[in-house]
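So you can see what is in the structure, the chains are spelled out below.
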Amino acid sequence: MTCARCGFANPEGMGFCGECGSALVVHSCPRCGFHSPRDFTFCGKCGIRLEPTRESESGPLPRAYTPRHLAEKVLRLRDALQGERKQVTVLFADVKESLSLAEQIDAETWHQVLDRFFAILAEGVHRFEGTINQYTGDGIMALFGAPIAHEDHAQRACHAAWYLREALRRYADSVRLRGLNFSVRMGLNSGEVVVGKIGDDLRMDYTAQGHTVGLAARMEQIAEAGSVYVTQSTARLVDGFFRLRDLGETRVKGVQDTVRVYELEGVGGHQSRFEVSRARGLSRFVGRGDELSVLDVALHRAGAGDGQVVGIIGEAGMGKSRLCYEFVERCRARGLPVVQAHGVAHGEAVPLTPVSMMLRGFFEIGDSDSEATVRDKVAGRMLRLAPESTEMLPVLYDCLGVPDPDQPAPVIDALTRQHALGRVVMALLQAQARRGLHVLLLEDLHWFDRDSAAVVTACVEAAADSHSLLIVNFRPDHRPEWMTKSYYQQIALRPLSTDAVGELLGDLLGDDPSLAPLEPMIRKRTGGNPFFVEEIVCTLAESGSLGGDPGSYRLLRPVETIAVPATVQATLTARIDRLDESAKAVLHTAAVIGKEFTEALLQRVVESALPDLGTTIEVLMRSEFVSERAGHPQRVYAFKHPLTQEVAYRSQLAERRASTHAAVARALEELHAGRLGEQAAFIAHHWEAANKPYIAARWRRRAALHVTTIQLPRPQRRR
Ligand SMILES: Nc1ncnc2c1ncn2[C@@H]1O[C@H](COP(=O)(O)OP(=O)(O)OP(=O)(O)O)[C@@H](O)[C@H]1O
Ligand SMILES: [Mg+2]
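J.: What exactly am I supposed to notice about the sheet that holds strand β15 (residues 488–492) here?
T.: Strand-to-strand pairing in sheets goes through backbone hydrogen bonds, with the strands running parallel or antiparallel. In space, the 5 strands of this open sheet follow the order β12-β13-β14-β11-β15, with parallel pairing throughout. Pairing within the sheet leaves two strands with one partner each, and these edge strands are β12 (338–342) and β15. When strand polarity is set aside, the average angle formed by the axes of neighbouring strands in this sheet is 15 degrees. As defined by bridge partners, strand β13 (residues 438–443) adjoins strand β14 (residues 468–474) across 5 bridges and the pair is classed as parallel. Directly across from Leu441, in β14, lies its bridge partner Ile471.

J.: Even after reading the chapter, I still don't get the environment of Glu596, so can you show me in this structure?
T.: Its place among the elements puts Glu596 in strand β18 (residues 596–598). Residues Glu596 and Val636, spaced 40 residues apart in sequence, show a C-alpha to C-alpha distance of 7.0 Å. Dropping the residues within four chain positions of it, Glu596 is found in contact with Arg629, Val636, Tyr637 and Ala638. In terms of polar contacts, Glu596 uses its side chain to reach the side chain of Arg629, at 3.0 Å.

J.: When you look at empty space enclosed by the protein in this model, what are you seeing that I'm missing?
T.: Over the atoms, a rolling probe the size of a water molecule traces out where space has been left empty. Within the structure shown, the criterion is met by 1 cavity of 30 Å³ or more. In this structure, the largest cavity occupies an estimated 40 Å³ of space. Looking at the largest cavity, the residues that line it are Leu429, His438, Leu440, Cys459, Ala462, Ala463, Ser468, Leu469 and Leu470. Of the residues that constitute the lining of the largest cavity, the class distribution is 7 nonpolar, 2 polar and no charged.

J.: Would you explain the pairing of strand β5 (residues 139–144) in this entry?
T.: On a regular strand, one side chain projects to one face of the sheet and the next to the other, so that they alternate. Where burial is concerned, most of β5 is hidden: 6 out of the 6 residues are buried. Side chains Gly139, Met141 and Leu143 project from β5 onto one buried face, and the interleaved Ile140, Ala142 and Phe144 project onto a second face that is buried too. Strand direction decides the pairing type here: strand β3 (residues 85–95) and β5, joined by 6 bridges, are antiparallel. In the sheet register, Phe92 faces β5, and the bridge partner there is Met141.

J.: I'm lost on the packing of aromatic side chains in this one. Help?
T.: In this description, an aromatic ring pair is defined by two values, namely the gap between the centres and the angle between the planes. Under the counting rule described, the total for this entry stands at 10 aromatic pairs. Of the aromatic side chains, those joined through ring pairs into one cluster are Phe117, Phe118, Tyr135, Tyr171 and Phe182. Residue placement shows Arg273 over the ring face of Phe531; its charged tip is 3.8 Å from the ring centre. The positively charged end of Arg575 is found above the aromatic ring belonging to Phe625, 4.0 Å away from the centroid.

J.: I'm lost on the packing of helix α22 (residues 581–593) against helix α24 (residues 613–622) in this one. Help?
T.: Geometry of a packed helix pair, given as the angle between the helix axes and the separation of the axes. Relative to each other, α22 and α24 sit at 85 degrees, their axes nearing to 9 Å. In this view, α22 runs roughly perpendicular relative to α24, as classed from their interaxial angle. Counted together, Ser582, Ala583, Val586 and Leu587 of α22 and Leu613, Thr616, Val619 and Leu620 of α24 form the full contact between these two elements. Along the lines of polarity and charge, the residues of the contact of α22 with α24 split into 6 nonpolar, 2 polar and no charged.

J.: I keep staring at the environment of Val439 and nothing clicks. Help me out?
T.: Locating Val439 in the fold gives a position in strand β13. Looking at Val439, the relative accessible area reads 1%, which means it is buried. Taking the C-alpha atoms as reference, Val439 lies 4.7 Å from Val338; in sequence the two are 101 residues apart. Look past the residues within four positions of Val439 in its chain and what remains in contact with it is Leu299, Val328, Cys331, Pro337, Val338, Val339, Leu469 and Ile471.

J.: Can you help me understand the packing of helix α14 (residues 371–385) against helix α16 (residues 414–435) in this one?
T.: Look at α14 against α16: their axes get within 10 Å of each other, and the N-to-C directions meet at 65 degrees. When the axes of α14 and α16 are compared, the crossing they make is left-handed. Contact residues: α14 offers Arg381, Met382, Arg384 and Leu385, while α16 offers Val424, Leu428, Ala431, Gln432, Arg434 and Arg435.

J.: For this particular structure, what's the right way to read the site of ligand 1?
T.: Within the structure, ligand 1 sits among 24 residues, and Arg273, Val286, Lys320, Arg322 and Glu534 are positioned closest to it. A distance of 2.8 Å is found between an oxygen atom of ligand 1 and a backbone nitrogen or oxygen belonging to Gly317. The separation between an oxygen atom of ligand 1 and a polar side-chain atom of Arg475 is 2.8 Å. When the free accessible area of ligand 1 is taken as 630 Å², the share hidden by the protein chains comes to 97%. Only α10 (273–280), α12 (320–333) and α20 (530–542) provide two or more residues apiece to the shell around ligand 1.

Cut-off values and rules
- Residues numbered from 1 in each chain as written.
- Chains lettered and ligands numbered in written order.
- Predicted model: local features only at pLDDT ≥ 70, side-chain atom pairs only at ≥ 80, totals over all residues.
- Heavy atoms only, no water.
- Pairing = 2+ DSSP bridges.
- Helix = DSSP H or I, 4+ residues; strand = E, 2+ residues; numbered from the N terminus.
- Axes fitted to C-alpha atoms, helices over the stretch in contact; angles between N-to-C directions.
- Contact = heavy atoms within 4.5 Å.
- Polar contact = N/O pair within 3.5 Å; in protein donor to acceptor, adjacent residues only side chain to side chain.
- 1 Å grid on protein atoms, 1.4 Å probe; cavity = no way out; pocket = protein on both sides within 12 Å on 5 of 7 lines; lining within 4 Å.
- Points joined across faces, edges and corners; volume = space filled by probe spheres on them.
- Nonpolar A, V, L, I, M, F, W, Y, C, P; charged D, E, K, R; others polar.
- Buried < 20%, exposed > 50% of the residue type's maximum accessible area, 1.4 Å probe, protein only.
- Phe/Tyr/Trp six-rings, centres within 6.5 Å; stacked < 30°, edge-to-face > 60°.
- Lys NZ or Arg CZ within 6 Å of the ring centre and 35° of its normal.
- Parallel < 35°, antiparallel > 145°, perpendicular 65-115°, else oblique.
- Left-handed = near helix turned anticlockwise from the far one by under 90°.
- Near = heavy atom within 4 Å.
- Areas by Shrake-Rupley, 256 points an atom, 1.4 Å probe, with all protein chains shown as cover.

Below, the structure is given as structure tokens:
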């Protein structure tokens, strides 16, 4: 009998979990509302027969409450998602002292209260694309980041918790009118889980790694009524995005070390990872001289009335935001007006956020401006810049969240509103450009919701033949339609050069001689991605391998392998999850083969009979996962980034990896039957990883014999 709250496997017949003490409930009694243990046939309080239906065993089926788009995605990718390791944030929410509350009112009313409570919880969790995994009788356990990975799983969980806290506070106020002191507490923790089987009904089994789930449950149990407690692992991921209060070290039952606990105090001042980095202090800007020159030329052309759109495209962490920041700071230093906005990863949950950000920039709205001031600023500026569009004022107020009580926005459908916003933004941009050169920076287009993306199209149109420079950035799998415009050009951000990474590392680590062996390791591992460089240095410092302060570290103990930071792992698994099923399966197989692989070998090993492996490899090349190393005599491909291969490899379960390794070994034996000696060491490696040590040993021996029988060219005699 597995505890729904902490995942502990209790012996059969238990009423309460032996690990966390929560009731192992099956459902509430239909007559008296009493929560009976899972295997009770009769209600423990009033004695009526309980006939548990499937639905009441652990709440409604996920299929019933998971939004359709999410359900379809999970089912489509089901085979690829099962048996994967995922970085997640676990959220527990429950009603404080529910048993005593249930006793205060009649059973039917209590049911109604709980029903509404569960509906609020489900809406909040799904809004941020979490999945409810368990109904615990008087609460839920939800996962963010599984089965589909989200690089910002912790932020989504905190957003959901904060949103729910507000919604549930309002609900508690209404319930209090009925004399019920209803309050909810929540707990969050981040870590790794292994996604198990996913059923047709979307029920997902999972195996928690370490204390991932149990600690989240503990946080909830110790949380004060109405509050959200998070562990340090979650706090580290959301610091800056949310305000947290350090509650200090706490002893937690079942965990040896003390756990640092934080209380979630609200949404913080930063909305993007780059803003958080900036607040912490940026490292020295290195490389990117060529890219800055391209932007300078575009600015010059825009200055001459030849409006330009420049797209900066690159993988997560490659430095898009940093390059844009450095450039727009130069523009600002020259006195040019700059307006900027960016998308957020959970963009669909909060539509039009980027447009609202952009409008705030245009109208120079400050955080402390009252609603009336905001409306005055908007109206004044619209009158000056685009008097012909002032009938759009109510729509603008609405988008900015400051509706005018005397002049409510007309009730219009989403498409009409989208067009209206597009027109007004276009008018504003054109008016701004008539006054002189200006810069608009829109970041992370891949996260823009549909309505915001439509407004971007309007911005692109407005830039033509004007004094506007529109800079946008996005990741490679995003392909907006307007990329074919003649005044659009693209900068593909390459990894930082070896010298630039050296400079960056010098800045982050310092120049203590003990660090010398570390630098080449980090350089190789991060493949020139500055975000990965920073995260690895941070992880090494946190794990105690580095001592001292940022910028002047010492190596305290030798580092043999550098672990993949959780942040990097989450970013890369989310990227892999965006692939379709066959591309993802091929990528996983390729990752088992190694950093380099031939098409012939891959063809023999891929599990599902792929009609056209070539097309799938093209998808992987287009999305910049792999690149072609050689075309003749056989096609050879390589992972573009060493960490992608490692994350694709590590996220698969050991059992699945082992069977693929065995398939690779067999395929190598067949493919190279004529010259097995050359391949013997490689074959041995795959048999070893397939947990077949005896076969591996035979191949090792063969490899050794091959080396000793190779005829080395005789050294030339000196005359
Ligand atoms: N050229 C550079 N010199 C020094 N540091 C850099 C450079 N480029 C990026 N960085 C640092 O690396 C980190 C990641 O960069 P950035 O946020 O710009 O990546 P990004 O491509 O915008 O990623 P995402 O797609 O996640 O938004 C930041 O802390 C940034 O300051
Ligand atoms: Mg960025």
